[in-house]
Amino acid sequence: MEEILRTVSLTKRYGRHAAVNNVSLSMGQGEIYGLIGRNGAGKTTLLKLICGLARPTAGDFSLFGERPPRQSLSRVGALIEAPGIFPALSAQENLMLKYTALGGRDKRWPQKLLDTVGLSNAGSKKVGKFSMGMKQRLGIALALVGRPDLVILDEPINGLDPQGIAEIRDMIEELNRTYGVSFLISSHILEELSKIATSYGFLHQGCLLQQVTREELAAKCREHIELIAQPTERACTVLEEMGISDYRVTQDGVIQIFERLGGSGDIAMTLMQQQVRVLSLCEKNENLEDYYLKLTGGQKHV
């Protein structure tokens, strides 16, 4: 897979505060990369750095093999924070204005984008009278107007109802599948992000904690029995004597067992018979939010 984005120790400081701190990540052509983090984790600042909307304090990055990126920035479309729109113009007029400024000549393309993002019926309605969800749709269309190879979206489904979220998700998958457009997306709605992302980067307090593929995350989040027992070493020995080999011990001493699901009672009884104290035993099937919270040691509402 061709690498289209790489950051190397990318850092952005505001005074003594490091909004982005020594971030090194990579993204391949055709990926849908999900950037996950709480408010204030540094997601928006990182996306601004990649788009050239902010200058790094330290480190650098490459786009499509160009380092530092100059010409390659023309291959990037972005929606970061509020979309840049003219409220007195219609959606089509906003799109046509940007499209013309980029040198576009196919006048059918802006209308096709409106159809794609679900604004084909907006007509001559002024954008200033749009709902938040309609403005988000227009912002996504504006990010796509230059036919970019990489689209960067910061919280793209904010303000959308469930149907709108599903439509935007389908649109992203279609553009990715049919045209090979790569996406770098930050979102708080982790359940939705998990439906389309092919890889993930977890940001916390400006630092990149981990970068994983969808397959790697699925392996980490698969259904398992979670056991806390003392002494831990003896518990592992007993499990192996029971024929259980597919397990791991976390840094916190939690034993995660990936076989004998539904057999928690037998495991607990055998451990107690072998003088192992069982403090906690339960079956779990982690989702993306659970994994993020465990990774950051945090609370809900990321």
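Above this note sits the structure.
Residues numbered from 1 in each chain as written. Predicted model: local features only at pLDDT ≥ 70, side-chain atom pairs only at ≥ 80, totals over all residues. Heavy atoms only, no water.

(A) Structural context of the overall build of the protein. What the protein contains, in helices and strands, is 10 helices and 14 strands. Each of the three principal axes of the protein carries a C-alpha extent, and together these read 75 × 40 × 35 Å. Excluding contacts between residues fewer than 6 apart, the proportion of contacts in the protein whose partners are at least 24 apart in sequence is 66%. When the accessible surface of the protein is summed, it comes to about 15300 Å², and 48% of that surface belongs to carbon and sulfur atoms. (Helix = DSSP H or I, 4+ residues; strand = E, 2+ residues; numbered from the N terminus. Contact = heavy atoms within 4.5 Å. Areas by Shrake-Rupley, 256 points an atom, 1.4 Å probe, with all protein chains shown as cover.)

(B) Spatial organisation of the nonpolar core. By size, the foremost hydrophobic cluster in this structure holds 46 residues, and its most contacted members are Leu153, Ile172, Phe183 and Phe202. Broken down by element, this core gets its largest block of residues, six residues, from helix H4 (residues 132–144). In contact with Ile172, other than residues within four places in its own chain, are Ile32, Leu153, Phe183, Ile185 and Ile196. In this structure, Val20, Met27, Phe64 and Leu203 belong to the second largest nonpolar core, which totals 25 residues. (Core = buried A, V, L, I, M, F, W, Y, C linked by side-chain atoms within 4.5 Å. Buried < 20%, exposed > 50% of the residue type's maximum accessible area, 1.4 Å probe, protein only.)

(C) How the structure looks around the pairing of strand S7 (residues 150–154). Counting buried residues along S7, five of its five residues qualify, which places the element largely inside the surrounding structure. By the alternation rule, side chains of S7 split into Leu150, Ile152 and Asp154 and Val151 and Leu153, which are all buried. In this structure, strand S6 (residues 76–79) lies alongside S7, joined through four bridges in parallel fashion. Looking across to S7, one finds that Ala78 is bridged to Ile152. Here five bridges tie S7 to strand S8 (residues 182–186), and the two strands are oriented parallel to one another. Bridge pairing links Leu150 to Ser182 in S8. Since S7 and S8 lie parallel, the crossover through helix H5 (residues 162–179) that links them has a hand, and here it is right-handed. (Pairing = 2+ DSSP bridges. Right-handed = clockwise from strand over helix to strand, strands pointing away.)

(D) Structural detail: the sheet that holds strand S11 (residues 224–230). Strand order in the open sheet formed by four strands is S12-S13-S11-S14, and the pairing between neighbours is antiparallel. Strand pairing shows two members of the sheet lacking a second neighbour, strand S12 (247–249) and strand S14 (277–284), which therefore form its edges. Across the sheet, the mean angle separating the axes of adjacent strands is 20° when strand polarity is ignored. With seven bridges connecting them, S11 and S14 associate as antiparallel partners. Considered in S14, the bridge of Gln230 is made with Arg277. The sheet contacts of helix H8 (residues 232–241) involve S11, S12 and strand S13 (255–257), and relative to S13 the element is tilted by about 15°. (Axes fitted to C-alpha atoms, helices over the stretch in contact; angles between N-to-C directions.)

(E) Representation of the pattern of salt bridges within the structure. What the rule picks out here adds up to 12 salt bridges. As a salt-bridge pair, Arg108 and Asp106 come within 3.1 Å of each other at their nearest N and O atoms. Take Arg108: its relative accessible area is 66%, and that puts it in the exposed class. Between Lys195 and Glu192 there is a salt bridge, and its shortest N-O distance comes to 3.2 Å. Pair noted here: Lys195 and Glu192 are both in helix H6 (residues 190–196), with a separation of three residues, about one helical turn. Shared partners join several salt bridges into a network, and the residues in it are Asp106, Arg108 and Arg147. (Salt bridge = Lys/Arg side-chain N within 4 Å of Asp/Glu carboxyl O.)

(F) Expanded view of the packing of helix H2 (residues 91–101) against H4. Interhelical geometry of H2 versus H4 gives an angle of 20° and a closest axis separation of 10 Å. For the element pair H2 / H4, the angle class is roughly parallel. Along this stretch, H2 crosses H4, giving a crossing that reads as right-handed. The residues of H4 that touch H2, namely those facing Ala91, Asn94, Leu95 and Lys98, are Leu138, Ala141, Leu142 and Ala143. (Parallel < 35°, antiparallel > 145°, perpendicular 65-115°, else oblique. Left-handed = near helix turned anticlockwise from the far one by under 90°.)

(G) Local environment of unusual backbone geometry. The step from Arg67 to Pro68 runs through a cis peptide bond, and the omega angle for that step is -5°. As for its position among the elements, Pro68 is in the loop between strand S5 (58–63) and S6. Looking along the chain, the bond that leaves Gln230 and enters Pro231 is cis, with omega of -5°. Note on placement: Pro231 falls in the loop between S11 and H8. In the Ramachandran plot, Asn22 falls in the positive-phi region, its phi being about 60° despite a non-glycine side chain.

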